[in-house]
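Chain residues, written in single-letter form:
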Amino acid sequence: MLHGIDVSAYQSSSYDTDGLSFVFIKATEGRSYVNPRLATQAKHGRDAGLVVGYYHFLWPGHVAAQAEYFVRHAPERAGDLLAVDWETTSDGTHASNAEKDLFIRTVKELRPHNKVLLYANREYWLNVDVTSYAGDGLWIADYVSAGHPRIEAKWRFHQYSSEPHDKNVAAFADRSALREWAAGD
């Protein structure tokens, strides 16, 4: 399995890339937040030869506008990955299943040549999700042994720890396989 991390404005723009094959970078949230370190974090990952992905933290409401906001701010490059982060917001709400699905479909329409993923924790996947729609793949958060999330669904990425930062593995044989999948239509 391949190893990677996800970063946001809380992490340095010069995060450690040793042993990594990919990085997901928080790009946007709602309709008003853009990660101020987005460009430098992406450049750092690219300079290290990592597959780069971007994610949007989804809020309920104005889903099409959020999708447009996300693709406007996430750099457009073939082979990059896009993801929606679907979880509880700071005010205790969350986007509905229909909103989550619409966001993924809208991003796929706006960026048809990029893979679009769903990031959800195990609780959401098992007890909140009712559609099982994850776009081009599921990125599941479950803090257990790397590569062994406690779900039955097929997953592409597994976030298994948040210490000292969010650590992930990907279900690909090697970086070339990940790049080929990410570049495929």
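The structure contained in this document is the topic of the report that follows.

Conventions and cut-offs
Residues numbered from 1 in each chain as written. Predicted model: local features only at pLDDT ≥ 70, side-chain atom pairs only at ≥ 80, totals over all residues. Heavy atoms only, no water. Helix = DSSP H or I, 4+ residues; strand = E, 2+ residues; numbered from the N terminus. Rg over C-alpha atoms; globule rule 2.2 N^0.38 Å. Salt bridge = Lys/Arg side-chain N within 4 Å of Asp/Glu carboxyl O. Expected span 1.5 Å × (residues − 1). Buried < 20%, exposed > 50% of the residue type's maximum accessible area, 1.4 Å probe, protein only. Contact = heavy atoms within 4.5 Å. Phe/Tyr/Trp six-rings, centres within 6.5 Å; stacked < 30°, edge-to-face > 60°. Arc of directions from axis to C-beta. Core = buried A, V, L, I, M, F, W, Y, C linked by side-chain atoms within 4.5 Å. Axes fitted to C-alpha atoms, helices over the stretch in contact; angles between N-to-C directions. Parallel < 35°, antiparallel > 145°, perpendicular 65-115°, else oblique. Left-handed = near helix turned anticlockwise from the far one by under 90°.

**Here we look at the overall build of the protein chain**
Here comes step 1: Each helix and strand counted, the protein chain has five helices and nine strands in total.
Here comes step 2: Put simply, the protein chain runs from its N terminus to its C terminus through helices and strands in the order β-β-β-α-β-α-β-α-β-α-β-β-β-α.
Here comes step 3: At 15 Å, the protein chain has a C-alpha radius of gyration in line with the 16 Å of a compact globule built from 185 residues.
Here comes step 4: Here the C-alpha coordinates of the protein chain stretch approximately 40 × 35 × 35 Å along the principal axes.

**Quick look at the pattern of salt bridges**
Here comes step 1: Taken as a whole and judged by the stated rule, the model has eight salt bridges.
Here comes step 2: Through salt bridges with shared partners, a single ionic network connects K100, D101 and D129.

**Some details on helix α3 (residues 97-110)**
Here comes step 1: Taking 1.5 Å of rise per residue, the 14 residues of α3 would be expected to cover 20 Å, and the 20 Å separating its terminal C-alpha atoms lies within 8% of that figure.
Here comes step 2: Buried residues of α3: N97, E99, K100, D101, F103, I104, T106 and V107, and no others.
Here comes step 3: Considering only its buried residues, α3 is in contact with β4 (51-57), α2 (63-73), β5 (81-85), β6 (115-121) and α4 (122-128).

**Some words on the packing of aromatic side chains**
Aromatic rings in a pair are described by how distant their centres are and how their planes are angled relative to each other.
Here comes step 1: As enumerated under the stated definition, the model contains ten aromatic pairs in all.
Here comes step 2: Between F157 and F172, the ring centres sit 6.1 Å apart and the planes meet at 50 degrees, which makes this aromatic pair tilted. Residue F157 is found in strand β8 (residues 157-161), and its partner F172 is found in the loop between β9 (166-170) and α5 (175-183); the two are separated by 15 residues along the sequence.
Here comes step 3: Relative accessible area serves as the criterion here: at 8%, F172 is assigned to the buried category.
Here comes step 4: Ring geometry for F172 versus W181: centroids 5.3 Å apart, planes at 45 degrees, classification tilted. Like F172, the residue W181 is buried in the burial classification.
Here comes step 5: An aromatic cluster is defined as three or more aromatic residues linked by ring pairs; in this entry it consists of F22, F24, Y55, Y119, W139, F157, F172 and W181.

**With respect to helix α1 (residues 38-47)**
Here comes step 1: All of the buried residues in α1 are L38, Q41, A42 and G45. Relative to the axis of α1, the buried residues are bounded by an arc of 100 degrees and lie together on one face. Set apart from the buried face of α1 by more than 90 degrees, the exposed residues are A39, K43 and D47.
Here comes step 2: Lining the buried residues of α1 we find β1 (2-7), β2 (22-29), β3 (33-34), β4 and α2.

**Section: the environment of I5**
Here comes step 1: Among the secondary structure elements, I5 is positioned in strand β1.
Here comes step 2: In the structure, I5 is positioned 107 residues away from P112 in sequence and 25 Å away in space, judged by C-alpha atoms.
Here comes step 3: The contacts of I5, once residues within four sequence positions are left out, are Y15, D16, L20, F22, V23, F24, H165, D166 and N168.

**Regarding the nonpolar core**
Nonpolar side chains tend to gather and get buried jointly when the protein is soluble and globular.
Here comes step 1: Ranked by size, the top nonpolar core spans 39 residues in total, and within it I25, Y54, F70 and L118 carry the most contacts.
Here comes step 2: Contacts of L118, omitting those with residues within four sequence positions, involve V84, W86, K100, I104, W125, Y133, A134, G137, L138 and W139.
Here comes step 3: By size, the runner-up hydrophobic cluster in this structure holds 17 residues, among which are F157, A170, F172 and W181.

**So, the packing of α2 against α3**
Here comes step 1: Running from N to C, α2 and α3 cross one another at 40 degrees; their axes reach a closest spacing of 9 Å. Comparing their axes, α3 and α2 come out oblique. In the crossing of α2 with α3, the sense of the turn from one axis to the other is right-handed. Contact with α2, carried on its side by V63, Q66, A67, E68, F70 and V71, involves E99, L102, F103, T106, V107 and L110 of α3 and no other residues of that element.

**So, unusual backbone geometry**
Here comes step 1: With an omega of -5 degrees, the peptide bond running from E163 to P164 counts as cis.
Here comes step 2: Checked against the element boundaries, P164 lands in the loop between β8 and β9.
Here comes step 3: One non-glycine residue, H62, adopts positive backbone phi at about 50 degrees.
Here comes step 4: For H62, the location among the structural elements is in the loop between β4 and α2.
Here comes step 5: Positive phi outside glycine occurs at S132, with the angle close to 60 degrees.
Here comes step 6: For S132, the position within the fold is in the loop between α4 and β7 (137-141).

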